[in-house]
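Understanding the architecture of this molecule
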Amino acid sequence: MTLAIEGWFTVEPDGTHLIGTRCASCGTVAFPPRTGGCPAPDCPGESMTETRLSRRGRIWSYTVARYPPPEPFVAAEPYTPVTLAAVELAREGIVVLGQVKDLAPDELAVGMEVELTCGPLADGPLVWMWGRAS
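Now for a description of the structure that goes with this document. (Residues numbered from 1 in each chain as written. Predicted model: local features only at pLDDT ≥ 70, side-chain atom pairs only at ≥ 80, totals over all residues. Heavy atoms only, no water.)

Now for the overall build of the protein. The helix and strand inventory of the protein stands at zero helices and nine strands. Sequence-ordered secondary structure for the protein, helices as α and strands as β, is β-β-β-β-β-β-β-β-β. Against the globule reference of 14 Å for 134 residues, the protein gives a C-alpha radius of gyration of 16 Å, in line with a compact fold. Across the 134 residues of the protein, 37% fall into the buried class. (Helix = DSSP H or I, 4+ residues; strand = E, 2+ residues; numbered from the N terminus. Rg over C-alpha atoms; globule rule 2.2 N^0.38 Å. Buried < 20%, exposed > 50% of the residue type's maximum accessible area, 1.4 Å probe, protein only.)

When its volume is computed, the largest pocket comes out at roughly 560 Å³. As for the largest pocket, its lining consists of 21 residues, of which Pro69, Val74, Val82, Gln99 and Leu121 are closest to the centre. Element by element, the count of residues in the lining of the largest pocket is highest for strand 6 (residues 82–89), at three residues. Here the residues of the lining of the largest pocket are counted per class, giving 17 nonpolar, three polar and one charged. What the second largest pocket holds in volume is close to 160 Å³. Going through the elements one at a time, strand 7 (95–100) and strand 9 (126–132) are the ones with two or more residues in the lining of the second largest pocket. A per-class count over the lining of the second largest pocket returns seven nonpolar, two polar and no charged. (1 Å grid on protein atoms, 1.4 Å probe; cavity = no way out; pocket = protein on both sides within 12 Å on 5 of 7 lines; lining within 4 Å. Points joined across faces, edges and corners; volume = space filled by probe spheres on them. Nonpolar A, V, L, I, M, F, W, Y, C, P; charged D, E, K, R; others polar.)

With that settled, consider the environment of Gln99. Its location among the elements puts Gln99 in strand 7. Residue Gln99 is classed as partly exposed on the basis of its relative accessible area of 23%. Sequence separation between Gln99 and Gly119 is 20 residues, and the spatial gap between their C-alpha atoms is 9.0 Å. Beyond its immediate sequence surroundings of up to four residues, Gln99 is in contact with Val82, Thr83, Leu84, Leu121, Trp128, Met129 and Trp130. (Contact = heavy atoms within 4.5 Å.)

This part takes up the pairing of strand 6. Here strand 5 (residues 56–65) runs beside strand 6; their pairing, made up of eight bridges, is antiparallel. Bridge pairing links Ile59 to Val87 in strand 6. Bridge analysis of strand 6 against strand 7 gives five bridges, and the strand direction is antiparallel. If you follow Ala85 over to strand 7, its bridge partner there is Gly98. What sits between the antiparallel neighbours strand 6 and strand 7 is a turn of five residues, in which Gly93 has the positive phi angle 75 degrees. (Pairing = 2+ DSSP bridges.)

Our focus in this paragraph is the sheet that holds strand 9. If you trace the five strands once around the closed barrel, you get 5-6-7-9-8, paired in mixed fashion. Sheet twist, expressed as the mean angle between neighbouring strand axes with direction ignored, is 45 degrees. (Axes fitted to C-alpha atoms, helices over the stretch in contact; angles between N-to-C directions.)

All quantities given are derived from atomic positions and should not be read as evidence of function.
This is the structure:
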């Protein structure tokens, strides 16, 4: 199993998990994970600790990419439109963008609860995706 981006998420028997970082000083959460100082402008914190993020959230916004991406990105042949959702994570309140899996655009609604899963990109590696909440 090849992950599209090492260190940003993990696929385990209990499910897919996003990996973020949390500031030791103020608790600010960042995704993707980061090193160095806290991203909060008013926080002088210098220590970010790796943490697993919520697997559930609510759709904040969504769209359909009806045109294939330009090179060097790989698109399926023939191209199939890809639905993308910006999801506000339940605990952290941050918004994470990802593809939508096994849900048609007309099944989605702002505020709908979704759950983290994974699936392959057109060229094979796995990436996190948003799916129907169980």
